[in-house]
Amino acid sequence: MYVYVPSTDTIQDHWEEAKEDPREAYHFTSDLETFTRFIDDNPEIANEQIPENLGPISHIHPLIAAVEALRQWKITDGGYEHARAAKHLLNESLQLGLDKEHDSVIVRSLLELVALQAKLSHDNSDELSTAVEFLDDRYYEMEKGARTGFREIIDLVVNHTDPGKPFDRGLLQRLFVICIVRANRYRQEDHELKGNVSDQDACRDFIGKAIQIGEALDIDTTGVKRRYTEEYWRYIEAQGERDSLLKGDLIDDALRDPVVSATLGDDEKEEWKNEMQDAIRKGGRELKHSGNKIQKAPPGTLKERSETLQSIFKNVAVYDNPTKTLYWLVNEFELLPPFGVQDPKHHLIIDHVNNLHPNLSGHLTQVGPDDDITQDYAQDLLQSHVVISGAVITLIEDGWLRERDFFRLINLIPGLSNHTLWYLTDAINHLFDKEYAASIHISVPRLESTLYELLNALGDDVVRQMDGGTGTRTLGTLISQIGSHTGAEFQEYIEYAYNEKTGETADGNMRNRTAHGHLRIGEDHHINAVMPIIDILRIGYQLNPTPFVARFGHPSKYLYVNGGHLP
């Protein structure tokens, strides 16, 4: 079985990146986390690889040396002096992290240090205080940077405190307040931004952690659980304005949530179930032209798909780098809605994941290029957008994706004008700032200019005759021209997503709805902000893959999943 082990050079490169930008420290600590997992789960590999890969660079950071000390203590019958050395090095690493604001180093050092001291029966008061102070600084008044280690640190404090002791109880109470204050702030931002689903998700996340802490404190969390349930419903309603079938799926997920299930009374559960059935029926009426029975995605499937993509992304990003992994995520063929017979010789990364997870769509849609959109295809388009955009947003929020990862891919597209590059950069910045309406209204028109400029660079005729001179061809004409370069499946996908009126059954026809002022309140959400940028990157690769392949290789050919390289 193939096991990925970060090389010495990779670890050094990631540390250099962290020194230049503290937000990049996560890649460095992820490298080292791989080795600490070996210590506990695969001692043979740990004994072989840690001295070989970490030994030559143990001087560049105390966290590296601490991994070797932990190995000596845990699996080579090392004495107490090795545990003491690991404790000293982890303390030194923690202090360096605090000094340099390397959040990932702080989190990793705390996780290892507190666990070590617990095994040694040493007092953890100072370290747990530092953990709470870290969260207080990062989240209380304002959220600073990515939500690095938020859940892990809360779990660490909850698991290593005794609510019966006044000092420990004080730490837990402070954590409870931090979570409630931050949830209130997200609620306020959501109100100011008129239904920002990302803020709604974050609000519910913090409330969920407050419930966990409250239960550890043995206090009445009935009100907090009611609020969690109400926030869940607000999220469902915001999503339901965009798509009825999605609303039905989310209600189904919510009813399975243990907090929601325990909070709702029997009458309320019945009301939610009725809403779910109404949403599914409404969604069925909204989809058109197929005559086939609509197959609703199994409960939780879309969330599982998104989490699967995130997991693959993180594993591969640790192995390589986020920009290259974003290149895969953008161009993985299987993530496009199925349209026509797939190439049986094409090696798909999702095929490897299917050993553990069901298919993204569950079927293939076979229609000719002259056929109207089918219910199956519309459903696939919707689900693929939900899955991909959900994964991208979470990866952004967790610090795995940075603006520069998108910039690097945009700048690889040959033929884009400086004007288009300028505005696409602006759209990406708005996306990361959660200013979704601004990002949509910049990126969607620039998708059209991207098509024009790239087809023009390829020598296609993109000029039309007009009274009094010439002008650019319409979007529909430009899309019809890309088929000779990309194939019919991708051409039809872009057609339905941005130009074809019937694409609106799948929340498509984005360009016309945006250009003519038909984008409705509630549609300025993360899905419509992420997908135009993703599709512009797809267009760049599809029309001229050479610079991408020269830099990164073919999509899916270099990745590894579940213990082995792809064929």
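About the cut-offs
Residues numbered from 1 in each chain as written. Predicted model: local features only at pLDDT ≥ 70, side-chain atom pairs only at ≥ 80, totals over all residues. Heavy atoms only, no water. Helix = DSSP H or I, 4+ residues; strand = E, 2+ residues; numbered from the N terminus. Buried < 20%, exposed > 50% of the residue type's maximum accessible area, 1.4 Å probe, protein only. Phe/Tyr/Trp six-rings, centres within 6.5 Å; stacked < 30°, edge-to-face > 60°. Lys NZ or Arg CZ within 6 Å of the ring centre and 35° of its normal. Core = buried A, V, L, I, M, F, W, Y, C linked by side-chain atoms within 4.5 Å. Contact = heavy atoms within 4.5 Å. Salt bridge = Lys/Arg side-chain N within 4 Å of Asp/Glu carboxyl O. Polar contact = N/O pair within 3.5 Å; in protein donor to acceptor, adjacent residues only side chain to side chain. Patch = residues over 30% accessible without salt bridge, like charges linked within 9 Å, V, L, I, M, F, W, Y side chains within 5 Å. Areas by Shrake-Rupley, 256 points an atom, 1.4 Å probe, with all protein chains shown as cover. Lys, Arg positive; Asp, Glu negative; His and termini not counted. Charge placed at Lys NZ, Arg CZ, Asp CG, Glu CD.

This paragraph deals with the overall build of the protein. On a plain count of helices and strands, the protein comes out with 26 helices and 4 strands. When burial is assessed residue by residue, the protein has 56% of its 567 residues classed as buried.

What follows is about the packing of aromatic side chains. Describing an aromatic ring pair means giving the distance of the ring centres and the angle of the ring planes. As enumerated under the stated definition, the model contains 11 aromatic pairs in all. Here the aromatic rings of Trp15 and Phe28 are separated by 4.9 Å at their centres, their planes lie at 45 degrees, and the arrangement is tilted. One end of the pair, Trp15, is in helix H1 (residues 8-20); the other, Phe28, is in helix H2 (residues 25-41), and 13 residues separate them in sequence. The pair Trp15 / Phe28 is uniform in exposure class, with both members buried. Counting every residue linked through ring pairs, the aromatic cluster contains Tyr327, Tyr541 and Phe548. Geometry around Tyr232 places Arg204 over its ring, the cationic atom sitting 4.1 Å from the centre. Across from the ring centre of Tyr235, 5.0 Å away, lies the NZ or CZ of Arg204, which sits over that ring.

Let us now look at the nonpolar core. Grouped together as the largest cluster of nonpolar side chains are 148 residues, with contacts concentrated most on Ile213, Trp272, Val392, Phe406 and Ile410. The biggest single contributor to this core is helix H25 (residues 526-543), with 11 residues. If we skip the residues at most four places from it in the chain, Val392 touches Leu329, Leu401, Phe406, Val530 and Ile534.

In this structure the tally under the stated criterion is 23 salt bridges. In this structure, the salt-bridge partner of Lys74 is Asp40, at a minimum N-O distance of 3.2 Å. Linking Lys74 in helix H4 (residues 62-75) with Asp40 in helix H2, this pair joins segments that are 34 residues apart in sequence. Across the pair Asp103 and Arg138 runs a salt bridge whose closest N-O atoms are separated by 2.6 Å. With a gap of 35 residues between them, Asp103 in helix H6 (residues 103-119) and Arg138 in helix H7 (residues 125-139) connect regions that are remote in the sequence. By the burial criterion, Asp103 is buried, and Arg138 matches it. Among the ionic contacts, a cluster of salt bridges with common partners joins Glu33, Arg37, Arg108 and Glu112.

Let's shift gears to the environment of Asp380. Tracing the chain through its elements places Asp380 in helix H18 (residues 375-397). With a relative accessible area of 3%, Asp380 lands in the buried category. Spatially, the C-alpha atoms of Asp380 and Leu335 are 9.7 Å apart, while their sequence positions differ by 45 residues.

Secondary-structure assignment places Thr263 in helix H13 (residues 258-263). At a separation of 2.7 Å, a polar atom in the side chain of Thr263 contacts the main-chain carbonyl oxygen of Val259. When near neighbours in sequence (up to four residues on either side) are disregarded, Thr263 contacts Lys225, Arg226, Thr229 and Glu268.

A surface patch of negative charge is lined by Asp266, Asp267, Glu270 and Glu271. Examined against the element boundaries, Asp267 turns out to sit in helix H14 (residues 266-286). Here Asp267 falls in the exposed class, since its relative accessible area comes to 63%.

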